[in-house]
There are 2 protein chains.
Amino acid sequence: MVRTARFSEDDFIQAAMALVAEGGPAAATMQAIARRVGAPTGSIYHRFESRAAVLGTAWNAAYASFTRVLTPLLHQGRPREAALAILPWAMADERRARFLLLHEPVALFEDTPPPAPLREALERLEDEFDAAFRACVAVAGDGASRDEELARAKFLIFDAPVAILRPHLVRGGTLPPFAARMIAELHAGMPLAVTPAHDRHAARGPRPVAVA
Amino acid sequence: MVRTARFSEDDFIQAAMALVAEGGPAAATMQAIARRVGAPTGSIYHRFESRAAVLGTAWNAAYASFTRVLTPLLHQGRPREAALAILPWAMADERRARFLLLHEPVALFEDTPPPAPLREALERLEDEFDAAFRACVAVAGDGASRDEELARAKFLIFDAPVAILRPHLVRGGTLPPFAARMIAELHAGMPLAVTPAHDRHAARGPRPVAVA
DNA sequence: TGGTAATTAGAATGCACGTTTTAGAATGTG
DNA sequence: CACATTCTAAAACGTGCATTCTAATTACCA
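Residues numbered from 1 in each chain as written. Chains lettered and ligands numbered in written order. Predicted model: local features only at pLDDT ≥ 70, side-chain atom pairs only at ≥ 80, totals over all residues. Heavy atoms only, no water.

**What to know about the overall build of chain A**
Of regular secondary structure, chain A possesses eleven helices and zero strands. Secondary structure elements of chain A, listed N to C terminal, follow the sequence α-α-α-α-α-α-α-α-α-α-α. With the C-alpha coordinates of chain A rotated into their principal frame, the extents come out at 60 × 35 × 30 Å. The buried share among the 212 residues of chain A stands at 50%. Of the contacts formed within chain A by residues at least 6 apart in sequence, a portion of 74% connects residues at least 24 apart. Only carbon and sulfur atoms are counted for the fraction: they give 54% of the accessible area of chain A, which is about 10,000 Å². Mean positive and mean negative side-chain charge positions of chain A (24 and 24 charges, respectively) differ by 7 Å. (Helix = DSSP H or I, 4+ residues; strand = E, 2+ residues; numbered from the N terminus. Buried < 20%, exposed > 50% of the residue type's maximum accessible area, 1.4 Å probe, protein only. Contact = heavy atoms within 4.5 Å. Areas by Shrake-Rupley, 256 points an atom, 1.4 Å probe, with all protein chains shown as cover. Lys, Arg positive; Asp, Glu negative; His and termini not counted. Charge placed at Lys NZ, Arg CZ, Asp CG, Glu CD.)

Here it is in structure tokens:
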């Protein structure tokens, strides 16, 4: 390198996340990202090959940060703690949480999909997350009832907590104390059969892989 | 009228819904809507003043269809039935369900909001829906615990069933039988205090209003 | 101190979109 | 049968976008 960079890769990613969080995918134009960072439009293209690459990198980073919190708890057979861990994760960076949880990826990536390396990295992250769920739930009966157990786990650990969180994420501001209470009550009233510890190792997914 | 129309207002609405359902808001361009209907682009402007008006009309229609099913059950104090009613409503028209439940309105309306009459009609629909929730839940204690009860109700009756439905909506195809089971189990494990019938009339919201 | 590669800087390009315009075709009314 | 009106039809316009291009800066190194 011969000239010190004024703008980092992360500057652009943060700006893109913030713009999507505040105004939806359409608000994250290249010019808006550049303006928010205070850089000329062209500078983005020294770090990212396209808009899809910027959004894809941002998405992968947010997703990885999310699963980094959940995955270990799932592998430890603690679904309740995993579900509750979503709340502090979301409040630690509200914009990132809005970016990841409030927008279907289809709206971000449909028109122009991110470059292959990013897509593959995301697929790996998704596979790891899925494997963690499978490792957590008890193996019981045939394929159909196994699908049901997995669907129950994903609902209890991911979708329901996100649904509880969503109204507050949309509104912004602090999280009311009853959000955690509702998640706890949900897990008490709709218990999940957990894999015994000695089986969990066998079901464990591939080792975590570093993602850009 | 002096010339029979080849394309109806509803043709354009259906096309817009389908395009958003399949490819997100960005896919519903005026040209795409026209192409899908088989009409020239300009014809849309004989029925709608703008793209925002098309999407807004579609949104209001989907929302009204949804609340028409839920609202009466809420006013009858039957939250469990209301929650379960979401499933047949969604399967009756999957595209409409994807359109309404899979996309945050911010992504549809942020850049250009729909014309005032449509915004007002939507606000009325939302107020009615909210009033139905308030009429359903038991009034207990101070403001904070009342907020909590209302949040519980909205989660149990709307957000959680939608979260259970969402993966299958994303994937498409038929709904697995355990979706209804999960909703029933959820309501059994996390019961909701319901307003006694004689109080419900007082809390009832404004009469339903016809929407375009 | 001048060469060089990385970066900033910002204008330029081309394309897709929402919207408008212009022209023509269809249909009920007098 | 003409007229007014409502629609189809398709091209045209202006804007904003992603991306590319050209030039000017910067900082390290020989």
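**Some words on the nonpolar core**
In terms of nonpolar packing, the biggest core is built from 137 residues, with I33, F155, I157 and L186 of chain A together with I33, F155 and L186 of chain B touching the most fellow members. Sequence-distant contacts of F155 of chain A, defined by excluding residues within four places in its chain, comprise A160, P161, L186 and M190 of chain A together with A160, A163, I164, M182 and L186 of chain B. (Core = buried A, V, L, I, M, F, W, Y, C linked by side-chain atoms within 4.5 Å.)

**Observations concerning the environment of T29 of chain A**
Residues and elements named next belong to chain A. By the secondary structure assignment, T29 is in the loop between α1 (9–23) and α2 (30–37). Among the residues examined, T29 registers a relative accessible area of 33% and is labelled partly exposed. Distance in space between the C-alpha atoms of T29 and H103 is 16 Å, their sequence separation being 74 residues. Engagement of the side chain of T29 in a polar contact is seen with the backbone nitrogen of A32, the distance being 3.0 Å. (Polar contact = N/O pair within 3.5 Å; in protein donor to acceptor, adjacent residues only side chain to side chain.)

**Brief notes about the packing of aromatic side chains**
All names here are of chain A. According to the stated counting rule, one finds 18 aromatic pairs over all chains in the structure shown. Ring centres of F66 and F129 lie 6.1 Å apart, and the angle between their planes is 80°; this geometry places the pair in the edge-to-face category. Of this pair, F66 sits in helix α4 (residues 51–75) while F129 is found in helix α8 (residues 116–136), placing the two residues 63 residues apart along the sequence. Aromatic pair F129 and F158: ring centres 6.3 Å apart, planes at 80°, arrangement edge-to-face. A residue pair is termed long-range when its members are at least 10 positions apart, and F129 in helix α8 and F158 in helix α9 (residues 143–171) qualify at 29 residues. What makes F158 partly exposed here is its relative accessible area of 24%. Three or more aromatic residues link up through ring pairs in this structure, and these residues are Y63, F66, W89, F129, F133 and F158. (Phe/Tyr/Trp six-rings, centres within 6.5 Å; stacked < 30°, edge-to-face > 60°.)

**As for the packing of helix α10 (residues 178–189) of chain A against helix α9 (residues 143–171) of chain B**
Running from N to C, α10 of chain A and α9 of chain B point in directions that differ by 50°, and their axes come no closer than 11 Å. Our classification of the angle between α10 of chain A and α9 of chain B gives oblique. Here the hand of the crossing between α10 of chain A and α9 of chain B comes out right-handed. Two secondary-structure elements touch here, α10 of chain A through F178, R181, M182, E185 and L186 of chain A and α9 of chain B through D147, E148, A151, R152 and F155 of chain B. (Axes fitted to C-alpha atoms, helices over the stretch in contact; angles between N-to-C directions. Parallel < 35°, antiparallel > 145°, perpendicular 65-115°, else oblique. Left-handed = near helix turned anticlockwise from the far one by under 90°.)

**Comments concerning the relation of the copies chain A and chain B**
Superposing chain A onto chain B takes a rotation of 180° plus a shift of 0.0 Å along the axis, which leaves an RMSD of 0.1 Å. Such a combination of turn and shift is consistent with a two-fold rotation axis. Nearest to the rotation axis, the C-alpha of G189 of chain A is located 2.0 Å from it, this being the minimum over chain A. Here 100% of the contact residues of chain A are again contact residues in chain B; the copies associate through an equivalent surface. (Least-squares fit on C-alpha atoms with pLDDT ≥ 70 in both.)

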